[in-house]
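# Close look at the chain arrangement
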Amino acid sequence: QVQVVESGGGLVQPGGSLRLSCAASGSISSIQTMGWYRQAPEKQRELVAWITTGGNTYYVDSVKGRFTISRDNAKNKEYLQMNSLKTEDTAVYYCYLRTTKWVDYWGKGTQVAVSS
């Protein structure tokens, strides 16, 4: 059984920072891509960022220059460093991973709230 668990969410003021972590465990074949989605109230889930095993990254335009994704391949962990947070970053953030066999796994999400 595969488990994907996020941590690091919370309440922060605009301009502040948070670091999200995600740990995957269990019977996982090789992980190809790890990433983060988010879903704000009454909005569709959107892709925030992803990173491949080789270190290639993608960011949605709204977070470029503020968020940094990284991963530890040996430990099946990934991180999302979020700086200069804005109120519009408020959402539930979900970790996901895709294996080399194109199987996707998801975490249950961690809440990020940006408010003064």
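In this text the structure is predicted, and so the values were computed from the model without any measurement. (Residues numbered from 1 in each chain as written. Predicted model: local features only at pLDDT ≥ 70, side-chain atom pairs only at ≥ 80, totals over all residues. Heavy atoms only, no water.)

## Description of the overall build of the protein
For clarity, the cut-off: A run of H or I in DSSP becomes a helix once it reaches four residues, and a run of E becomes a strand once it reaches two; helices and strands are each numbered from the N terminus. The classification of residues rests on relative accessible area computed with a 1.4 Å probe and restricted to protein chains. Under 20% of the type maximum is buried, over 50% is exposed, and intermediate values are partly exposed. Only heavy atoms matter for contacts: two residues are in contact if any of them lie within 4.5 Å across the pair.
If you tally the helices and strands in the protein, you get 0 helices and 11 strands. Taken from the N to the C terminus, the helices and strands of the protein come in the order β-β-β-β-β-β-β-β-β-β-β. In terms of overall dimensions, the protein has a C-alpha envelope of 40 × 25 × 25 Å along the principal axes. When the 116 residues of the protein are sorted by exposure, 40% land in the buried category. Long-range pairs, those at least 24 residues apart, make up 54% of the contacts in the protein between residues at least 6 apart in sequence.

## Things to note about the pairing of strand β9 (residues 91-99)
Defined as follows: Only strands joined by at least two bridges in the DSSP assignment are considered to pair.
Burial analysis of β9 places 7 of its 9 residues in the buried class, which makes it a mostly covered element. Strand direction decides the pairing type here: strand β4 (residues 31-39) and β9, joined by 8 bridges, are antiparallel. Paired with Gln 39 across the bridge in β9 is Val 92. Alignment of β9 against strand β11 (residues 110-114), held across 3 bridges, turns out to be antiparallel. Looking at the pairing, Ala 91 lines up with Val 112 of β11.

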